[in-house]
Amino acid sequence: PSLTTRLVAGQNPVRIFIDGKLEVPRDFKVYNEEAPTLVFNGLKDGEQNNIRFVKIDFERPVLLQMLKTLYQLNIQSLLLEGGSTLINSLIKQNLWDEVLVFQNPDLNFSQGIKAPVFTLKNTFELVGNDQLFKHYRNETVTNPVLKEIF
């Protein structure tokens, strides 16, 4: 993935990813010079061009270390494109404010990893053929509808 604003005009965000043992090949797009990049890892601190390596301790809570670093760098908003392990960790540790759930009514999976369940508003907007549900952590919902995401 590029993790850039390639589909719309505007400044690219800071790309952030976790690579504990620095195994992501350096020729992958996430390392190109299109955007500043933070790599949380367990091996080194340092900077190379647009890439900043931030060493964290994987024996301690990883997400709290990452969020503390982002706060120190004045990064106040984080858009997460993650797998179920990362997303479930954020939910369980209550480290989220807003969830945007895109559902494609034409896409059904018969097997896979069970998605987190949220109490979502029974309202949505259409984005192309997808339904976009918005849920805020501190929101009170009347007549909740349980929806699985993923």
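Just above sits the structure.
Right, let's walk through the structure included here. Here the structure is a predicted model, which means the values were calculated and not measured. (Residues numbered from 1 in each chain as written. Predicted model: local features only at pLDDT ≥ 70, side-chain atom pairs only at ≥ 80, totals over all residues. Heavy atoms only, no water.)

This paragraph deals with the overall build of the chain. If you tally the helices and strands in the chain, you get 2 helices and 9 strands. Listing every helix and strand of the chain by position from the N terminus yields β-β-β-β-α-α-β-β-β-β-β. Buried positions account for 27% of the 150 residues belonging to the chain. Nonlocal contacts in the chain, meaning residues at least 24 apart in sequence, comprise 43% of its contacts between residues at least 6 apart. In the structure as shown, the chain presents an accessible area of about 10,800 Å², 50% of it carried by carbon and sulfur atoms. (Helix = DSSP H or I, 4+ residues; strand = E, 2+ residues; numbered from the N terminus. Buried < 20%, exposed > 50% of the residue type's maximum accessible area, 1.4 Å probe, protein only. Contact = heavy atoms within 4.5 Å. Areas by Shrake-Rupley, 256 points an atom, 1.4 Å probe, with all protein chains shown as cover.)

So, about the sheet that holds strand S4 (residues 51-55). Across the sheet, which stays open at both edges, the 4 strands sit in the order S1-S2-S4-S3 with mixed pairing between neighbours. The sheet is open, and its two borders are formed by strand S1 (15-18) and strand S3 (46-48), each paired with just one other strand. Adjacent strand axes in the sheet meet at a mean angle of 20°, parallel and antiparallel pairs treated alike. Pairing between S3 and S4: 3 bridges, direction antiparallel. Paired with Gly46 across the strands is Phe53, a residue of S4. (Pairing = 2+ DSSP bridges. Axes fitted to C-alpha atoms, helices over the stretch in contact; angles between N-to-C directions.)

It is worth spelling out a nonpolar patch on the surface at this point. Taken together, Leu100, Phe102 and Val127 make up a surface patch of nonpolar side chains, about 270 Å² in accessible area. For Phe102, the location among the structural elements is in strand S5 (residues 98-103). (Patch = residues over 30% accessible without salt bridge, like charges linked within 9 Å, V, L, I, M, F, W, Y side chains within 5 Å. Salt bridge = Lys/Arg side-chain N within 4 Å of Asp/Glu carboxyl O.)

The subject of this paragraph is the nonpolar core. Counting 9 residues, the largest nonpolar core is built from Ile16, Leu38, Phe40, Val54, Ile56, Leu63, Met66, Leu70 and Leu90. Elements represented by at least two residues in this core include exactly strand S2 (37-41) and helix H1 (62-72). Residues contacting Ile56, with those up to four places away along its chain left out, are Phe40, Asn41, Gly42, Val62, Gln65 and Met66. Counting 6 residues, the second largest nonpolar core, distinct from the first, contains Phe17, Val39, Ile51 and Phe53. (Core = buried A, V, L, I, M, F, W, Y, C linked by side-chain atoms within 4.5 Å.)

Turning to its location among the elements, Pro1 is positioned in the segment before S1. Using a relative accessible area of 76% as the deciding quantity, one classes Pro1 as exposed. In this structure, the C-alpha to C-alpha distance between Pro1 and Lys29, residues 28 residues apart in sequence, is 6.4 Å. Sequence-distant contacts of Pro1, that is, excluding residues within four places in its chain, are made with Lys29 and Val30.

Another aspect to go through is the sheet that holds strand S8 (residues 130-136). The antiparallel open sheet is built from 3 strands, whose spatial order is S5-S8-S7. Where the open sheet ends on each side, the last strands, each with one partner, are S5 and strand S7 (125-127). Here the strands of the sheet are splayed against their neighbours by 35° on average, with no regard to which way each runs. The sheet contact formed by S7 and S8 spans 3 bridges and is antiparallel. Looking at the pairing, Glu125 lines up with Leu132 of S8.

None of this, on its own, says anything about what the molecule does.
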